[in-house]
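# Coordinate inspection notes
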Amino acid sequence: MKQKDNKTSKLSVDELTSYAKRRGFVFQASEIYGGLSGFWDYGPYGVELINNLKQAWWKTFVYNNFNIFGLDSAIIQNPKLWEASGHVAGFVDPMIDCKKCQHRFRADHVAGTESANLKELETAILDKACPQCDAKGAFTKPRQFNMMLTTHVGPAEDDATLTYLRPETAGSIYTNYENVRETVRGKIPFGIAQIGKAFRNEITPRDFLFRTRELEQMEMQYFINPNTSKKEYEQWREYTWKFLTEVVGLNKSNMSWHQHGEGEKAHYASAAHDVYYNFPHGNKELAGIHDRSSYDLKSHSKASGKDLSYFDDSTNKRYVPHVIESSMGVGRLFIAALTEAYTVEQVNGEERIVLKLKPQLAPVKVAILPLSKKLELSKLAKSIFTDVAGEYNVEYDETQSIGKRYRRQDEIGTPYCVTIDFDSIQDQAVTLRERDTMGQERIKISELKACLAKKLAS
Ligand code: ATP
């Protein structure tokens, strides 16, 4: 592993992928059958980290705001939704094939540009070599490829039963806008938030969890008076930035803003900024803030025939609300959090890998470690486990030397280890070890639960 300085170590994508597998965070989906490109499974520590990230987002966006409400909608919706949203016609990426090795690529990635214009891309790839076989001038002309994954609902497989796996979670927020507004008696401005899976038939899934075909998104759509769109846009940019830096703990020096140019904006966006993070494979999009204007509500009103305009009783005016969207991918946040927290330190001439996640995000909060497997020790340790467990994830481990067990817990980011030794039986006390300082203190067993709760809450 490369080491930059005493504190942080920048990983390569391969190093991050193998660390995530070795430590039980992420496995290749159906690995024993050779995997499936663009699909991943979260292991015991991955599922904890991902749940903690989602919970942190939900608390920040939903619980912290009196006027933001949750939603959990179906992955498969009436295909008319995706026609009205513009995805059937416009959710495309430019694709090229190498005529020599038959590999398929995203034209904008090969060209090294953000442009989506086919003519511009055609010119830009002229002198580029194939990333796979190095052949020059062997690309086909760029053509548009629709990224929605399709399926059939019902027993027949014909056009009438064709539908889509949702390409983003936002779509069903718009179709439920009126339902939610009515039930919560919402007044503009108010927001609807959703966390859920989305599917994109990416041409070249790559860079671990960064570009997958099954992904999870956390999206909040804020419905506003059109006059306030500039102010709200700036506010949600700042709010999203604060979530990433203060709640998740990403370092500002690894983050930047990227404003979309005209050719780059999605078909629905009138303004767009991405938060870029310094991922192991480069500086890339982690989250997006979009001003979607009244595009979605107007399109759905028109296609469904349902009036989605809003009557503002303070001004006696009717208008179609504009939407500001804050959107991020859970998988991308997952690798950003891992990359940020992954630290290599030198301790007494030896390398210590420690995952310095915030305790709230750590997959395991406390590890209970009896010094030996002897019956009287494991009996006491198990009773301590039962006492402490339940509120949060606690791990019990009695195999290997205590030094190795500490290192293992450091590598998965466990903030506290509790060691039970032979003195514990006599003095009814245990050793509490803190992950980052490696400091140790002796604590009475009767006070342990309250002491841990206090430390983990701070
Ligand atoms: P990109 O330009 O990287 O393809 P995008 O601009 O199409 O991403 P959005 O449609 O704005 O992405 O989706 C919102 C968020 O969902 C992104 O900021 C990103 O975090 C996440 N996301 C999008 N596509 C993928 C994917 N294929 N795999 C993992 N996460 C993704």
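Residues numbered from 1 in each chain as written. Predicted model: local features only at pLDDT ≥ 70, side-chain atom pairs only at ≥ 80, totals over all residues. Heavy atoms only, no water.

All right, on to the overall build of the protein then. Of the regular secondary structure elements, the protein holds 15 helices and 23 strands. C-alpha extents for the protein along the principal axes are approximately 75 × 65 × 50 Å. Residues classed as buried in the protein amount to 53% of the 458 residues present. At a minimum sequence separation of 6, the contacts of the protein that also span at least 24 residues come to 65%. Surface accessibility of the protein: about 21700 Å² in total, with carbon and sulfur atoms responsible for 50%. (Helix = DSSP H or I, 4+ residues; strand = E, 2+ residues; numbered from the N terminus. Buried < 20%, exposed > 50% of the residue type's maximum accessible area, 1.4 Å probe, protein only. Contact = heavy atoms within 4.5 Å. Areas by Shrake-Rupley, 256 points an atom, 1.4 Å probe, with all protein chains shown as cover.)

Glancing now at the site of the ligand. Near the ligand, the surroundings consist of 18 residues, among which E202, R211, E285, L286 and G329 are the closest. One of the side-chain N or O atoms of Q217 is found 3.3 Å from an oxygen atom in the ligand. With respect to the ligand, the backbone of L286 contributes an N or O atom lying 2.8 Å from an oxygen atom. Out of a free accessible area of 590 Å², the ligand has 87% covered by protein chains. Elements that contribute at least two residues to the shell around the ligand include exactly strand 10 (214–224), strand 13 (282–291) and strand 16 (322–329). Residue contributions to the shell around the ligand peak at five residues, all from strand 13. (Near = heavy atom within 4 Å. Polar contact = N/O pair within 3.5 Å; in protein donor to acceptor, adjacent residues only side chain to side chain.)

For helix 9 (residues 229–247), spanning 19 residues, the distance from its first C-alpha to its last is 26 Å, which sits close to the expected 27 Å at 1.5 Å a residue. G249 lies just past helix 9 and shows a positive phi near 90 degrees. (Expected span 1.5 Å × (residues − 1).)

Attention now moves to the domain arrangement of the protein. It is common to give the size of an interface as the accessible area that goes away when the parts come together. Domain annotation for the protein reports domain 1 (13–82 + 152–340), domain 2 (92–146) and domain 3 (364–457). Its C-alpha centre places domain 1 at a distance of 28 Å from the equivalent point of domain 2. Listed as interface residues are ten residues of domain 1 and, on the opposing side, ten residues of domain 2. Taken over both partners, the interface formed by domain 1 and domain 2 buries close to 790 Å², and the fraction arising from carbon and sulfur atoms is 55%. It is I203, T204 and E264 that lose the most area in domain 1 upon contact with domain 2, and together they represent 54% of the buried surface on that side. (Domains from an automatic or database assignment. Buried area = accessible area lost by both parts, 1.4 Å probe.)

Next up on the list: unusual backbone geometry. That bond from I188 to P189 is cis: its omega, 5 degrees, falls within 30 degrees of zero. Along the chain, P189 falls in the loop between helix 8 (177–184) and strand 9 (190–199). Positive phi, close to 45 degrees, is recorded for S293, a residue that is not glycine. Mapped onto the elements, S293 comes out in the loop between strand 13 and helix 10 (295–304). Look at S293 and you get buried, because its relative accessible area is 19%.

What follows covers the sheet that holds strand 13. Strand order in this open sheet of seven strands is 3-9-10-16-13-12-11, and the pairing throughout is mixed. On the outer flanks of this sheet lie strand 3 (68–71) and strand 11 (255–259), each paired with one strand and no other. Averaged over neighbouring strand pairs, the angle between their axes works out to 25 degrees when direction is ignored. Pairing of strand 9 with strand 10 involves ten bridges; the strand directions are antiparallel. When the bridges of strand 10 are listed, K197 appears paired with E216. (Pairing = 2+ DSSP bridges. Axes fitted to C-alpha atoms, helices over the stretch in contact; angles between N-to-C directions.)

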